[in-house]
Every structure is written in structure tokens, then in C-alpha cells.
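Summary of the model geometry
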Amino acid sequence: MNITSATFLKSVIRIEECPRDGRPEIAFVGRSNVGKSSLLNALLNRKGLAKTSTTPGKTQMINFFDVNRRFYFVDLPGYGYAKVPKGVKSEWSRVMTAYLRHREPLKLVVQLLDARHTPSDKDHEMLELLRRARVPVLLAATKIDKLSRNERTRNLKAIRADLDLDDDAVIIPFSAVTAEGVKPLWEIIAPCLKSPT
Ligand code: GTP
Ligand code: MG
């Protein structure tokens, strides 16, 4: 994908504030600190566009990025982050769930999993929610640069087994550090932006 422009559009806290121009959008979900904002930046080849941090809980609200004035990337808060007050957390979770279930322009959700760990209960719940909502999901195993060749094979296999994935389901190994996975992700994302609603 040739990225001619990529800019932050806005952060919203209510569904009604989402763009209404009908452009397709791709959202990124996963637990706090898994690397959602970093992956988004790597895909757009724009360091620092989406704010990243070593501390979990960096991304708050629903963040829209305008890409090529043609579609949106949507950076979401991570789940499983305990430091946010309970009321705020349940409100985020309510809004995010509504967004993922009912947002018409949403063409694909990229769900990120940390390649080093077995998926958590929250990861399972998210995948289940997306399957029920019939939103196409693409899985990416992040921070793959932190694993040796052997660990990589072993962990990817363990993640597949844990999520009970079909043989034809894909998990894209990804690293924001080496940019491994950028091309394969685009190969799946690009056609989704073209598909009719
Ligand atoms: P929240 O917004 O808090 O939900 O986190 P996030 O999922 O957006 O994670 P973010 O992109 O902010 O990255 C969290 C930390 O992991 C940062 O310190 C990143 O530099 C680091 N990180 C992200 N992706 C990778 C990766 O592929 N490899 C390595 N080694 N570090 C990564
Ligand atoms: Mg983030």
C-alpha cells in the first residue's frame, strides 16, 4: 500500500461522534501493551503518529486516523488494564463493544496477541465477541522479534491450539522493531478496504 497521507483525525468517547462519511475502517484490538499503536504506526510507516508507551493504558478512547483520505485506521484502548478506575473501565468496555458489534464501516478487526504468551481469558472473550458479531478478524502475533526460531514455532503452535483455530486460519507473525509482518498484513487489509458494504 502506498501511503500518501496519514493523519490523526480525532478521539471519540461516544459512538455518535464517529465519522459519518461512510469510508471503510480497520480497527486494532488487544490487551494493553500488546503493541496496537506500534503496529498501526509500522503499517503506516509513521513513527509516533499513534502514541505508544512502555506503560500499559496509553491509548484511551476511540482514535481515528485518516489514511490517504480514503479510509480510517482505528486505535482502541487495550483491555485488561487494571489501573483505570472501575467506572471508566466499564464505560470504555461498553462503548468499545458497541463499536465492534454495530459499526457499519468496520471491514476488519486486527486482533493482536503477544507472541510470547498463551492467549488470556480476555483474548478469548474478544475473539468470541468478534465471531458472534460476524466481523472479519485477522490475528497478529506481536513482538515476534523477542523470540528465538524454536520459541517462535512452539509459541505460534500453542496459540493456534489454545484458540482452537482451523488449519486454514492465519496468524501473522509481527514485529514493530524489524517490520516483519507489515507486507503480509497489508495483503489481507487492502482487499478488505475494497469490498462492498
Ligand atoms: P495501550 O495503548 O496501552 O493499550 O498499548 P498498545 O497495545 O498500543 O502498545 P504500544 O504500541 O504502546 O506498545 C507497548 C510497548 O511495547 C512499547 O514499549 C513498544 O515499544 C513495545 N512494542 C510494541 N510492539 C513491539 C514489537 O513488535 N517488538 C518489541 N520488541 N517491542 C514492541
Ligand atoms: Mg495504544
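The text that follows walks through the structure, step by step, so that each part is easy to find. (Residues numbered from 1 in each chain as written. Chains lettered and ligands numbered in written order. Predicted model: local features only at pLDDT ≥ 70, side-chain atom pairs only at ≥ 80, totals over all residues. Heavy atoms only, no water.)

1. Considerations on helix 1 (residues 36–44)
- Most of helix 1 sits out of view: 7 of its 9 residues are buried.
- Listed as buried for helix 1 are K36, S37, L39, L40, N41, L43 and L44.
- Looking one or two residues beyond helix 1, the residue adopting positive phi is N45, at roughly 55 degrees. (Buried < 20%, exposed > 50% of the residue type's maximum accessible area, 1.4 Å probe, protein only. Helix = DSSP H or I, 4+ residues; strand = E, 2+ residues; numbered from the N terminus.)

2. Observations regarding the sheet that holds strand 5 (residues 106–114)
- Spatial strand order, 1-3-4-2-5-6-7: 7 strands in an open sheet with mixed pairing. Each of the sheet's edge strands pairs with one partner strand only, and the pair in question is strand 1 (6–12) and strand 7 (171–173). For this sheet, the mean inter-axis angle between neighbouring strands, taken without regard to orientation, is 25 degrees.
- The strands touched by helix 1 within the sheet are strand 1, strand 2 (25–29), strand 3 (62–67), strand 4 (71–75), strand 5 and strand 6 (137–142), with strand 4 carrying the most contacts at an inclination of about 155 degrees.
- Relative to strand 5, helix 5 (residues 182–194) is tilted by about 160 degrees, and along the sheet it contacts strand 2, strand 4, strand 5, strand 6 and strand 7. (Pairing = 2+ DSSP bridges. Axes fitted to C-alpha atoms, helices over the stretch in contact; angles between N-to-C directions. Contact = heavy atoms within 4.5 Å.)

3. Let's talk about the packing of helix 1 against helix 5
- Two elements in contact, helix 1 and helix 5, have axes whose closest approach is 10 Å; the angle formed by their N-to-C orientations is 85 degrees. Between helix 1 and helix 5, the crossing angle belongs to the class labelled roughly perpendicular. Contact residues: helix 1 offers L39, A42, L43 and L44, while helix 5 offers V182, L185, W186 and I189.
- Taken together, the residues that form the contact of helix 1 with helix 5 break down as 8 nonpolar, no polar and no charged. (Parallel < 35°, antiparallel > 145°, perpendicular 65-115°, else oblique. Nonpolar A, V, L, I, M, F, W, Y, C, P; charged D, E, K, R; others polar.)

4. Considerations on the packing of aromatic side chains
- Taken as a whole and judged by the stated rule, the model has 6 aromatic pairs.
- Relative to F73, the ring of F28 has its centre 5.0 Å away and its plane inclined at 70 degrees; by these criteria the two rings are edge-to-face. Separated by 45 residues along the polypeptide, F28 in strand 2 and F73 in strand 4 bring together distant segments of the chain.
- Members of the aromatic cluster, joined through ring pairs, are F28, F71, F73 and W186. (Phe/Tyr/Trp six-rings, centres within 6.5 Å; stacked < 30°, edge-to-face > 60°.)

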